[in-house]
Every structure is written in structure tokens, then in C-alpha cells.
Amino acid sequence: MPKTFTGAFIRNFLGNAPGWYKLAIFAFLIANPVLLYTAGPFITGCVLIGEFIFTLAMALKCYPLPAGGLLAFQAVAIGMARPETVYKEALSNFEVILLLIFMVAGIFFMKDFLQFTFTRILVRVRSKILISLLFCFLSAFLSAFLDALTVTAVIIAVAYAFYNIYHRFTSDMDMQSPHDLTCDQTLKEVQRQELKEFRAFLRNLMMHGAVGTALGGVCTLVGEPQNLLIASEMGWQFISFFLYVAPVSMPVLAVGLLTCITVEKLKIFGYGAKMPGNIRSHLLETAMIMESKRGRQGQAKLIIQGLTGIWLILALAFHLAAVGMIGLSVIVLLTALNGIIEEHQLGHAFVEALPFTALLVVFFTIVAVIHDQHLFGPVISYVFSLKGNTQLAAYYIANGLLSMISDNVFVATVYISETKMHITDALGLIPDIGMSGAQLMDKLTAPHTARSEVIAALPQNSAIQVKAIMDQFDKLAVAINAGTNIPSIATPNGQAAFLFLLTSALAPVIRLSYGRMVILALPYTITMSITGLLATYFFL
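Analysis parameters
Residues numbered from 1 in each chain as written. Predicted model: local features only at pLDDT ≥ 70, side-chain atom pairs only at ≥ 80, totals over all residues. Heavy atoms only, no water. Helix = DSSP H or I, 4+ residues; strand = E, 2+ residues; numbered from the N terminus. Rg over C-alpha atoms; globule rule 2.2 N^0.38 Å. Buried < 20%, exposed > 50% of the residue type's maximum accessible area, 1.4 Å probe, protein only. Contact = heavy atoms within 4.5 Å. Areas by Shrake-Rupley, 256 points an atom, 1.4 Å probe, with all protein chains shown as cover. Lys, Arg positive; Asp, Glu negative; His and termini not counted. Charge placed at Lys NZ, Arg CZ, Asp CG, Glu CD. Phe/Tyr/Trp six-rings, centres within 6.5 Å; stacked < 30°, edge-to-face > 60°. Disulfide = S-S within 2.5 Å. Salt bridge = Lys/Arg side-chain N within 4 Å of Asp/Glu carboxyl O. Axes fitted to C-alpha atoms, helices over the stretch in contact; angles between N-to-C directions. Left-handed = near helix turned anticlockwise from the far one by under 90°. Nonpolar A, V, L, I, M, F, W, Y, C, P; charged D, E, K, R; others polar. Patch = residues over 30% accessible without salt bridge, like charges linked within 9 Å, V, L, I, M, F, W, Y side chains within 5 Å. Expected span 1.5 Å × (residues − 1). Polar contact = N/O pair within 3.5 Å; in protein donor to acceptor, adjacent residues only side chain to side chain.

Engineer: I keep staring at the overall build of the protein and nothing clicks. Help me out?
Structural biologist: Helices and strands together make up the secondary structure of the protein, namely 25 helices and zero strands. The C-alpha atoms of the protein give 25 Å as radius of gyration, which agrees with the globular expectation for 540 residues (24 Å, within 12%). Projecting the C-alpha coordinates of the protein onto the three principal axes gives extents of approximately 80 × 65 × 50 Å. Residue burial in the protein is summarised as follows: out of 540 residues, 53% are buried. Residue pairs in contact within the protein that sit at least 24 positions apart in sequence constitute 77% of those at least 6 positions apart. Entry remark: accessible area of the protein is about 23,300 Å², with carbon and sulfur atoms responsible for 68%. For the protein, the distance from the average position of its 33 positive side-chain charges to the average position of its 30 negative side-chain charges is 10 Å.

Engineer: Any chance you could explain the packing of aromatic side chains here in plain terms?
Structural biologist: Two numbers describe a pair of aromatic rings. These are the distance of the centres and the angle of the planes. All chains considered together, the criterion is met by 15 aromatic pairs. Judged by centre distance (5.9 Å) and plane angle (70 degrees), the rings of Trp 236 and Phe 241 are edge-to-face. Residue class for Trp 236 comes out buried when judged on its relative accessible area of 7%. Taking the relative accessible area as the measure of exposure, Phe 241 reaches 0% and is therefore buried.

Engineer: I would appreciate a short explanation of the state of the cysteines in the present structure.
Structural biologist: Two cysteines joined by a covalent bond between their sulfur atoms form a disulfide. Applying the stated criterion to the full structure yields zero disulfides. No disulfide involves Cys 260; its nearest neighbouring cysteine sulfur is the one of Cys 136, lying 4.7 Å away.

Engineer: It is not clear to me how the pattern of salt bridges should be interpreted in this structure. Could you clarify?
Structural biologist: Think of it this way: side chains of opposite charge can pair up when their charged atoms draw near. Considering all chains together, one arrives at five salt bridges under this definition. A salt bridge links Glu 264 to Lys 128; its shortest N-O distance comes to 3.0 Å. In this pair, Glu 264 is assigned in helix α12 (residues 238–266) and Lys 128 in helix α8 (residues 128–145), connecting sequence segments 136 residues apart. Here Lys 128 falls in the buried class, since its relative accessible area comes to 8%.

Engineer: Can you walk me through unusual backbone geometry in this structure?
Structural biologist: The bulk of non-glycine residues show a negative phi, and the bulk of peptide bonds are trans. Unlike most non-glycine residues, Asp 432 shows phi in positive territory, near 65 degrees. Topologically, Asp 432 is positioned in the loop between α19 (408–428) and α20 (437–444). Positive phi, normally seen in glycine, also occurs at Arg 511, with a value near 60 degrees. In this structure, Arg 511 sits in the loop between α24 (506–509) and α25 (514–539). Since its relative accessible area comes to 30%, Arg 511 is described here as partly exposed.

Engineer: It is not clear to me how the environment of Ala 426 should be interpreted in this structure. Could you clarify?
Structural biologist: Of note, Ala 426 is situated in helix α19. In this structure Ala 426 comes out as partly exposed when scored by relative accessible area, which is 25%. Counting along the chain gives 43 residues from Ala 426 to Ile 469, while the straight-line C-alpha distance between them is 8.0 Å.

Engineer: What am I meant to see in the packing of α8 against helix α9 (residues 148–170) here?
Structural biologist: In a packed pair of helices, the relevant descriptors are the angle between the two axes and the axis-to-axis distance. Interhelical geometry of α8 versus α9 gives an angle of 145 degrees and a closest axis separation of 9 Å. In the crossing of α8 with α9, the sense of the turn from one axis to the other is right-handed. On α9, the residues that touch Phe 135, Ser 139, Leu 142 and Ser 143 of α8 are Ala 148, Val 151 and Ile 155. Partitioning the contact of α8 with α9 into residue classes produces five nonpolar, two polar and no charged.

Engineer: What am I meant to see in the environment of Leu 302 here?
Structural biologist: Among the secondary structure elements, Leu 302 is positioned in helix α13 (residues 277–317). With 219 residues separating them in the primary sequence, Leu 302 and Pro 83 have C-alpha atoms 46 Å apart.

Engineer: What exactly am I supposed to notice about the packing of α19 against α20 here?
Structural biologist: Two elements in contact, α19 and α20, have axes whose closest approach is 7 Å; the angle formed by their N-to-C orientations is 115 degrees. Seen along the crossing, α19 lies across α20 with a hand that is right-handed. Contacts between α19 and α20 involve Lys 420, Ile 423, Thr 424, Leu 427 and Gly 428 from the first element and Gly 437, Ala 438, Leu 440, Met 441 and Leu 444 from the second. Of the residues assigned to the contact of α19 with α20, the class counts are six nonpolar, three polar and one charged.

Engineer: Explain a nonpolar patch on the surface to me, please; I cannot follow it from the model alone.
Structural biologist: The grouping of Leu 266, Ile 268, Phe 269, Ile 519, Leu 522, Ile 526, Ile 530, Leu 534, Tyr 537, Phe 538 and Phe 539 at the surface amounts to a nonpolar patch, some 1,000 Å² of accessible area in total. The dominant element in the nonpolar patch, judged by the number of residues it contributes, is α25, at eight residues. Position of Phe 538 among the secondary structure elements: in helix α25.

Engineer: Explain α19 here, please?
Structural biologist: Note: α-helices contain 3.6 residues per turn, so residues at a spacing of three or four share the same orientation. Taking 1.5 Å per residue, 21 residues should reach 30 Å; α19 reaches 30 Å between its end C-alpha atoms and fits that length. For α19, the buried fraction is high: 16 of the 21 residues fall into the buried class.

Engineer: Mind showing me how you'd approach the side chain of Asn 481 here?
Structural biologist: Relative to the helices and strands, Asn 481 resides in helix α22 (residues 460–485). Classification of Asn 481 by relative accessible area gives buried; the value is 1%. Separated by 3.3 Å, the side chain of Asn 481 and the backbone oxygen of Val 218 make a polar contact. Other than its neighbours up to four places away in sequence, Asn 481 contacts Val 218, Asn 227, Ile 230, Phe 241 and Val 245.

Engineer: Is there a simple way to explain the side chain of Gln 226 in this structure?
Structural biologist: Following the sequence through the fold, Gln 226 ends up in helix α11 (residues 225–234). In terms of polar contacts, Gln 226 uses its side chain to reach the side chain of Asn 485, at 3.2 Å.

Engineer: Which parts of the structure should I look at to understand helix α7 (residues 111–124)?
Structural biologist: Taking 1.5 Å per residue, 14 residues should reach 20 Å; α7 reaches 20 Å between its end C-alpha atoms and fits that length. Within the span of α7, buried status applies to Lys 111, Leu 114, Phe 118, Thr 119, Ile 121, Leu 122 and Val 123. Where the residues of α7 are buried, they touch α6 (94–108), α8, α9, α10 (189–217) and α13.

Engineer: Can you walk me through the environment of Phe 118 in this structure?
Structural biologist: Checked against the element boundaries, Phe 118 lands in helix α7. For the pair Phe 118 and Leu 14, spaced 104 residues apart in sequence, the C-alpha to C-alpha distance is 38 Å. Dropping the residues within four chain positions of it, Phe 118 is found in contact with Phe 135, Leu 138, Ser 139, Leu 142, Val 151, Val 154, Ile 155 and Val 158.

Don't take any of this as a statement about function, it's just geometry.
Written out as C-alpha cells, the structure reads:
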């Protein structure tokens, strides 16, 4: 324990983060004002982006909110961004904030139904290839309509519960006694070997499921937070978003599922592990006992959750309300009809989403710095100097590479906002439109106004130019969406679901390290990223 206040303050700063990490953040905070005074705001802004990406890349050492938040707070304090710009960014993305608060919380109350579904697959399907494909496809389907983190949390809970049950069974321990799931020393050699195979089996399924959330997440407006962010900037609704991205998302989905089958069939990159027969028998018996204890009341809750899931899909498909409001309706229905009426029961639902919601607002602060200092001007100008599909490929690659090392929501936020600003300027240069570029952009991206009607009201020559510019803008938005969603599976840094899995209680139990996760993701990274690039270039 520190004996002085100085030592106590140092110890408290960023808590249990490594000493070198604390020194790095402290050095950033000291250097930024000096750099602003000596090198100017543009250079300082570029350095600030690098520092912030560093905090995202080091998410396993320290959650990015405290350290990244300090950098963002300082940026506003020293005049790199105005508070009004930060507020404007947050306000313009309010629908995304509502999504994170209410939709994620709403899906929390559907966990029993989701766990029931994945448990059935885990214990009743015998073919490893089929069970892997089902985990991958079902995770993709659910993530297209629900929340990727919740889907990941569900498959983690299923795997952890069954590993816990069998490990205690082989160790002759009851379910109430304290027990170390990472220790196999008291087991016989045969049991240790079976548990080793079971851990490999679970690692395979967890990665298939995590990749599945990315496969489904790219397809729809609610699949990932950046999707709704992009859609709100473009004025796309649920169906239109799906149709715009389908030329890229559907080939990637097909290739991803084929990759799942291939790696299991060929037993490469650590895949192909099977569940030992006696473990399957014990888990099946346990699952049957658990189902018998559920009773009519438990079965009724599952039925309500399943029906609410259907309501959710229909409400999203027909855009009956803003996504966050639909999420709120899910909370109301499930809590009322399933008897969840105490405040502390409701509070748990919001725990998962609120830290990332706060981090998202910090993202908007860094985006405000980029806007106020015009930091991406040279990059955007270079990309727009490219022509046709080469421009789309460049966007896909740039977003993909950044998303591998940084957070894909941050990357998408920066690129879509900067691109829209550039397109708005281009619209303002068109003669005879009778309004400013910003006013025209507002009309063209209004969610309840047909773009064709707005263009038809313009003079013919102007209408042709506007249509060409907006068609390219649509394609660039798809390239941003695909680039941030697909190549980001390369590392846990880019995909929130991967990071969630890596930092879960299950990871040390099944020996899932950072390096092992990268290796397991590698075949998917290669096949899906290349497919996404080719589809972006040839099909858009």
C-alpha cells in the first residue's frame, strides 16, 4: 500500500493498468498542449488520433473509456474541438445512442429463449460440421436482428455452464462448493485428455459463433452500432439498408459459411475438435433434467420471449418506429408479461450497454476534433481523386485496415461523417440547384422522403449531376460499412463481440488467448476480407 498521497494518487490513476500504460497516457497528456503550441493544431490533431487509437488497441490493458476519455476531455479543454460540435455530433447520432441503451437492454430479457435454442443444438446435434454450421448461421441470423454482444454473451453462458457442470462432475464436486475450473491436477489422465478435447471443441464453437455475429452484423441496420450510424447519415431504413449492402454482404455470408464447413472438414487452423461421447451423454442428461425443472411457468416465459422476437423482427422490417423505441417496446413487453417488476432486476439489463454508450460519445468528441481541424481533408481528397470502383476498393481497404487495430465503430464514425461533408461540398458546387449543398443533402437523406422526388424537382442538368454524386455516395457508404464490419474480425481490437469473448470468464477456462483467437479467426479473415473486396469492386 502507498504510504504518501503522491503514491496513492499514482496508484489510483487508471487503477490496475500496467505501469508503462499509465506512463504513456500521462506522457500524452503532457505532450499535447506543448505540441499544440509548437507544431499547431493540425499536427497535434493527427497525434491525438494516434493516441486515441492506441487506447483502443490496448483495450485488454484498460477499457478505452477512462484513458480515451481523458484525451478527449483535454482536446476540448485546449481548444481542439468546441463543446458545441461535440454536442452536435452526439445529437445527430441520438438514434444510435437509443439503440445501445434500449435495444441491448431489451435483448437481455430474451436470454432464456436464446440459451434454450443454443443448448438444444449443443447437446442434440451429433455432427461436428453441422453443429458448427448451425452455431455460425444462427449467430449470424440473430445478430442481424438482435445485438451481437448479447448473442455472444448467450453462447458464452451456455458453454461456461456445461463446462462447469462436467468439470465438477469429473472432480467429484457439487455445484455449490468453490471450484477452480482451470485446474485439472486432481483428474485422471483420461479425464484430462477428454477435457482437453472438450476445451478445443468449445473454442471452435465460440469462434464460429463470434464470426457468425460479424456475418449477420454487416447485413442489417441494427446488426452493429456503426450500421445504424451510417444508415442515419444516409437516410436508409431497415429494408433499404439491407438491399444496398446485399451485393457485398450476401457473398460474404455464403463464403463465411463455406469457410466454417471447410475448416471443420479439413481440421485446419485448430478446428475439427469433437466432443467426447461420454461428455455428450452427461450433458444431454443434465439438459433434460434442467428442462423438466422449468415447468409450465418457465415454458410460458419462453413462449413470450419467442413471440416478442417475432414482433421485434416485424417492427424492424416495417420500420414501425425508431430502432431504440422498438427496443423499449421489447423491454416493456418482456418485463410486463414475464413478471420482471423489481427495479434491481431491470437494472442488470442496462449494465452491458452503458459503458460502450459512454465510449461512443467519446468517439464523437474525437470526430469533432477531426471536423474542426479538418484532419481528414488530405486523405478524403486523395481518395476522391481516384475514379470509379478503384475509389470504392480504396475505401474498403482503408476502413478494413484501421478496423483491424482500432474500434470499427470509431472508424465508421470518422469516415461516414467526413465523406458526407465532402459530398455536401460537391453538391454545393452544382449550379442552379436553388439552395445550399447542406440544404440539398438534408432533403436527399431525409428518411421519409423519396430521393427520386427531390432529384426530379431539380433542373435536368443539375438533376443528372446530383444523381451521379449520390449514387457514388451510396456505394461509398456500403464500402465503409463492409470495410469496418468484415476485415475487423482479424483481431479482438476491431470486433466488440471478439473482445467480449476474450475478456469473459470462459476464455481462461477453455484456454482461449489473444494469439489463439487470431489464429482461429485467420481463415475467416482471409476468405471473407477478399470476398468483401471483390464484391465491393465488381458488384457495387
